[in-house]
Amino acid sequence: MTDQQVKAMSADIETPDFETTAFTRPPPLSEATVAIVTSASLHHPDDEDFAPADTGYRVLSADRRDYVLGHWSPNFDATGFAADINTVFPIDRLDELAAQGVIGRVADEHLAYAGNQFDLSAIRMDSGPAGGRRLKEAGVDVVLLTPV
Amino acid sequence: MSTLAHVFEAEGLATIALGSQRNQIAGTAPPRGLWCDFPLGRPLGKPADPDFQHRVLSHAFSLLDADGPIFAEFGEAIVDDATEVMACPLPPRHDPDAHPAVDEARGLRPAYDRAVERYGNRMGAGRVVDVDDIVGAIESFIRVADGTPWKEAGIPGIPARVAQDIRGYYETAALGLADHVPSAWAGTRWFLDQTRTGEVILSAREAMKEAGVKGPVWFYLTPGDR
């Protein structure tokens, strides 16, 4: 078993089409508020775990580090995240960049979705826009998206 | 991830999507996409390597300077060629009356506890099976491997989720046994290829398949290439 063999299983999965590509110009990075959004189904232990085919999102607090993995797929390595959350959710790295003045600030809240979706319509039409509006209203300018 | 990038940009957020599968990120074509040829599950590449992670982030944030949609490739690849084999010492037999997998799981508990104390419980048992009940969960899969129909075997939850907790227990224990963070998939290979419980899960999966159980019930007990 190798990573290449696992990747090959999804090589033919059809990707979604977008007729147009929205493009937002951010403020200078040194003034931008940056959030992380991951599809790793992370959540806090006291928050609701992800159900199979869960299309919702969970809010991850920037001042906690008790993130747990709720992803249902067995098709990725989890030990990297287990040993260092930044392998998937680079919150400590963002804190360092903010301290250096490279980015403006780290958002107070970040989001997690479940990436193992076969039907993306709910995320495209409902929870995706809702999560985006939540971040926008919180003053986020730039979102770093991380998969597993 | 790339789908969310399109959605978020439409909401007025600038995004950078990291992707580990080239065909997926290239096909979905997010406004700013960075393909990193890293193992699945490690989008920042290397655990406990802040310098490497910063290089990934630096490249990612540089895409914000583009005047329009852009797709880029990170210059360093991490290729899993399955050459790292974990040599975690498995506990010696303690209770000759117990099934070898049960005896093994009990013997790994100190290593599991050490890893949780060091790293926290981020992927170990507890999603549906508490760590104190992990042996009972293994026993249910032993019954399936021995021919009991899965619905009558006492599996304490959706089989895939229970198997995930068992695998998480073992891979967390491996972190407690190793003196370094193993390369991607090394913990999974150790669990499935070298442990008695891994053998049980594979046998139970095969028994369910042979019994005509619906694919999604048995398929997700292990990574799909098995």
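This write-up is about the structure you can find in this document. (Residues numbered from 1 in each chain as written. Chains lettered and ligands numbered in written order. Predicted model: local features only at pLDDT ≥ 70, side-chain atom pairs only at ≥ 80, totals over all residues.)

## Notes on the overall build of chain A
No. 1: The helix and strand inventory of chain A stands at four helices and seven strands.
No. 2: In chain A, the succession of helices and strands from N to C terminus is α-β-β-β-β-α-α-β-β-α-β.
No. 3: Taken against the 2.2 N^0.38 rule, which gives 15 Å for 148 residues, the C-alpha radius of gyration of chain A at 16 Å falls within 12% of a compact globule.
No. 4: The principal-axis extents of the C-alpha atoms in chain A amount to approximately 40 × 40 × 30 Å.
No. 5: Expressed as a percentage of contacts within chain A between residues at least 6 apart in sequence, the contacts between residues at least 24 apart total 75%. (Helix = DSSP H or I, 4+ residues; strand = E, 2+ residues; numbered from the N terminus. Rg over C-alpha atoms; globule rule 2.2 N^0.38 Å. Contact = placed C-beta atoms within 7 Å.)

## Observations concerning the interface of chain B and chain A
No. 1: With 71 residues of chain B at the interface, the matching set in chain A holds 66 residues.
No. 2: When residues of the side of chain B that touches chain A are traced back to their parent elements, those giving at least two are α1 (2-10), β1 (14-19), α2 (22-28), α3 (50-62), α7 (159-177) and α8 (186-194) of chain B.
No. 3: Ranked by the residues each element gives to the side of chain B that touches chain A, the list is headed by α1 of chain B, at eight residues.
No. 4: Partitioning the side of chain B that touches chain A into residue classes produces 36 nonpolar, 24 polar and 11 charged.
No. 5: Both strand β7 (residues 142-146) of chain A and β1 of chain B contribute to a ladder of four bridges, which runs parallel. In the strand pairing of β1 of chain B, L144 of chain A is matched with I16 of chain B. (Nonpolar A, V, L, I, M, F, W, Y, C, P; charged D, E, K, R; others polar. Pairing = 2+ DSSP bridges.)

## So, the nonpolar core
Across soluble globular proteins, you tend to see nonpolar side chains buried next to one another.
No. 1: Membership of the largest hydrophobic core comes to 109 residues, with the highest contact counts inside it found for V143 and L145 of chain A together with I138 of chain B.
No. 2: Among the elements that make up this core, the one with the highest residue count is α7 of chain B (nine residues).
No. 3: Among the domains, domain 1 (2-73) and domain 2 (100-219) of chain B are the pair contributing at least three residues each to this core.
No. 4: The contact partners of I138 of chain B, leaving out residues within four places of it in the chain, are A101, V102, A105, I166, T197 and V200 of chain B. (Core = buried A, V, L, I, M, F, W, Y, C linked by C-beta atoms within 7 Å. Buried ≥ 20, exposed ≤ 12 C-beta atoms within 10 Å, placed from the backbone. Domains from an automatic or database assignment.)

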